[in-house]
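# Per-entry structural report
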Amino acid sequence: MATIKGEVNKEGIVLRVVKTKESDAMVTALSEEGLFSFYARGVNKLTSKNGPACQALCRSLFSLSQGKGGAYTLSESKLLKNYMPLESDLTKLSALSFLQEVSAKLIQQDEGALDYPYLLKALELMDSFDPLTLCCLYFAKLLIHGGIGLDVDECVLCQKKEGIVGISYEEGGFVCKDHVHEVEAKIVSPRKLKILRYLFRAPLESFDHIAFEKDECKEILLDLGEYLNQLTGANLKSLTILAKI
Ligand SMILES: [Zn+2]
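Please read all numbers here as calculations on a predicted model, not as lab measurements.

Reading guide: rules and limits
- Residues numbered from 1 in each chain as written.
- Predicted model: local features only at pLDDT ≥ 70, side-chain atom pairs only at ≥ 80, totals over all residues.
- Heavy atoms only, no water.
- Axes fitted to C-alpha atoms, helices over the stretch in contact; angles between N-to-C directions.
- Helix = DSSP H or I, 4+ residues; strand = E, 2+ residues; numbered from the N terminus.
- Parallel < 35°, antiparallel > 145°, perpendicular 65-115°, else oblique.
- Contact = heavy atoms within 4.5 Å.
- Nonpolar A, V, L, I, M, F, W, Y, C, P; charged D, E, K, R; others polar.
- Donors = N, O, S within 2.8 Å, 3.2 Å for Na, K, Ca; no water.
- Tetrahedral: all angles 85-135°; square planar, octahedral: opposite > 155°, others 65-115°.
- Buried < 20%, exposed > 50% of the residue type's maximum accessible area, 1.4 Å probe, protein only.
- Phe/Tyr/Trp six-rings, centres within 6.5 Å; stacked < 30°, edge-to-face > 60°.
- Lys NZ or Arg CZ within 6 Å of the ring centre and 35° of its normal.
- Pairing = 2+ DSSP bridges.
- Core = buried A, V, L, I, M, F, W, Y, C linked by side-chain atoms within 4.5 Å.
- Domains from an automatic or database assignment.
- Buried area = accessible area lost by both parts, 1.4 Å probe.
- Salt bridge = Lys/Arg side-chain N within 4 Å of Asp/Glu carboxyl O.
- Polar contact = N/O pair within 3.5 Å; in protein donor to acceptor, adjacent residues only side chain to side chain.
- Expected span 1.5 Å × (residues − 1).

In the contact formed by helix α2 (residues 112-125) and helix α3 (residues 131-145), the axes pass within 10 Å of each other and the chain directions differ by 175 degrees. Overall, the two elements α2 and α3 adopt an arrangement that is roughly antiparallel. Mapping the contact onto sequence places L114, D115, Y118, L119, A122 and L125 in α2 and L134, Y138, K141, L142 and H145 in α3. Class assignment for the residues of the contact of α2 with α3 results in 8 nonpolar, 1 polar and 2 charged.

Let us look at the coordination of the zinc ion. Binding of the zinc ion to the protein goes through C155 (SG), C158 (SG), C176 (SG) and H179 (ND1), at separations of 2.1 to 2.4 Å. Taken together, the 4 donor atoms surrounding the zinc ion define angles of 99 to 117 degrees at the centre, an arrangement classified as tetrahedral. Sequence spacing of the donors to the zinc ion: C-x2-C-x17-C-x2-H. With relative accessibility at 0%, the residue C155 sits in the buried group.

The next point concerns the packing of aromatic side chains. With the rule as written, the count across this model stands at 7 aromatic pairs. Taking 5.7 Å as the distance between ring centres and 75 degrees as the angle between the ring planes, the aromatic pair formed by Y198 and F212 counts as edge-to-face. Highlighted residues: Y198 in helix α4 (residues 190-201) and F212 in the loop between α4 and α5 (214-232), separated in sequence by 14 residues. Geometry around F36 places K10 over its ring, the cationic atom sitting 5.2 Å from the centre.

Spatially, 3 strands are ordered β7-β6-β8 in an open sheet, and the strand pairing comes out antiparallel. Each end of this open sheet is capped by a strand with a single partner; those strands are β7 (173-176) and β8 (186-187). As defined by bridge partners, strand β6 (residues 164-168) adjoins β8 across 2 bridges and the pair is classed as antiparallel. Across the sheet, residue G166 finds its bridge partner in β8, namely I187. Helix-sheet contacts for α4 involve β6 and β7, and the interaxial angle to β6 is about 65 degrees.

As summarised here, the arrangement of the 5 strands in space is β1-β2-β3-β5-β4, forming a closed barrel in which the pairing is mixed. Going across the sheet, the axis of each strand differs from the next one's by a mean of 45 degrees, ignoring polarity. Of the pairings in the sheet, the one linking strand β2 (residues 25-31) to strand β3 (residues 34-40) comprises 7 bridges and is antiparallel in character. If you follow A25 over to β3, its bridge partner there is A40.

Of all hydrophobic cores here, the largest spans 66 residues; its most connected members are F98, L99, F139, L143 and L199. The element best represented in this core is α3, accounting for 10 residues. Mapping this core onto the domain boundaries places at least three of its residues in each of domain 1 (7-82) and domain 2 (90-244). For L199, the residues in contact, after removing those within four places along its chain, are C136, L137, A140, K141, F212 and I220. Judged by nonpolar contacts, the second largest core, of 14 residues, contains V43, A53, C54 and F62.

Here the protein is partitioned into domain 1 (7-82) and domain 2 (90-244). When each unit is reduced to the centre of its C-alpha atoms, the spacing between domain 1 and domain 2 is 30 Å. Counting from both sides, the interface comprises 14 residues of domain 1 and, opposite them, 16 residues of domain 2. Taking both sides of the interface into account, the surface hidden between domain 1 and domain 2 amounts to around 1,300 Å²; carbon and sulfur atoms contribute 67%. When residues of domain 1 are sorted by the area they lose upon contact with domain 2, L15, L35 and L57 head the list and together hold 41% of the total. One salt bridge in this structure joins E124 and R59, with 3.8 Å as the shortest N-O distance. The interface formed by domain 1 and domain 2 contains 3 residue pairs in polar contact (both at pLDDT 80 or more). Contributions of two or more residues to the side of domain 1 that touches domain 2 are made by β1 (7-19), β2 and β3.

Okay, helix α1 (residues 90-106) next. Because an α-helix completes one turn every 3.6 residues, residues spaced three or four positions apart along the sequence face the same direction. An ideal rise of 1.5 Å per residue puts 24 Å on 17 residues; α1 measures up with 24 Å between its terminal C-alpha atoms. Judged by how many residues are buried, α1 sits mostly within the fold: 12 of 17 residues are covered. Those residues of α1 that fall on the buried side of the exposure criterion are K92, S94, A95, L96, F98, L99, Q100, E101, V102, S103, A104 and L106. Buried residues belonging to α1 abut β1, α2, α3, α5 and α6 (238-244).

The following block contains the structure:
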């Protein structure tokens, strides 16, 4: 795709497509520089040449022209990869819907650049690694980047590292045996504590190192979804589907 004068080329993963009038849409995508949005004319028409690149979870190259107010309008596009293939099994489809929804609802302008490599990694690994473990890892990173990660290193009340027996979503992290009854906390199994610690601490390079059981992932995703909902009011519909698989 050639660069036309006055236009910018951006590569990004589409997070949201909101239909506006007739067959037009506002598209929001995430790039390594952060979030960006543009107006896309006619993309909901079946015959649109820009249609294929403007679907949720497509990584595409966009050629954008900038109006006087600074708003972008799509001129040309090229689909690089569609991460939401139609022939996926139910678990993978649910996981992909979750990645899309949580990204669209949680990522703020100033965090986008931090989140991009993790989204790309999770999407790239979808075919070769456990989809639900990837969802857990990605969710934990988004929460950390959003400033609402759980403290999994110590008791949130006394900062002791020993005797951790539970978790308090109200207080935002682990609690020790001396404090678990003082706040709204749940006693959880040592294994679940270990998984949570791993999820919040795993670096990008080890996203495909350890896979957890389906039921363990589902429980954690639902817990974190509830935690997010309590804090921000965001309601992740894709978790309702995930809970049933
Ligand atoms: Zn404590």
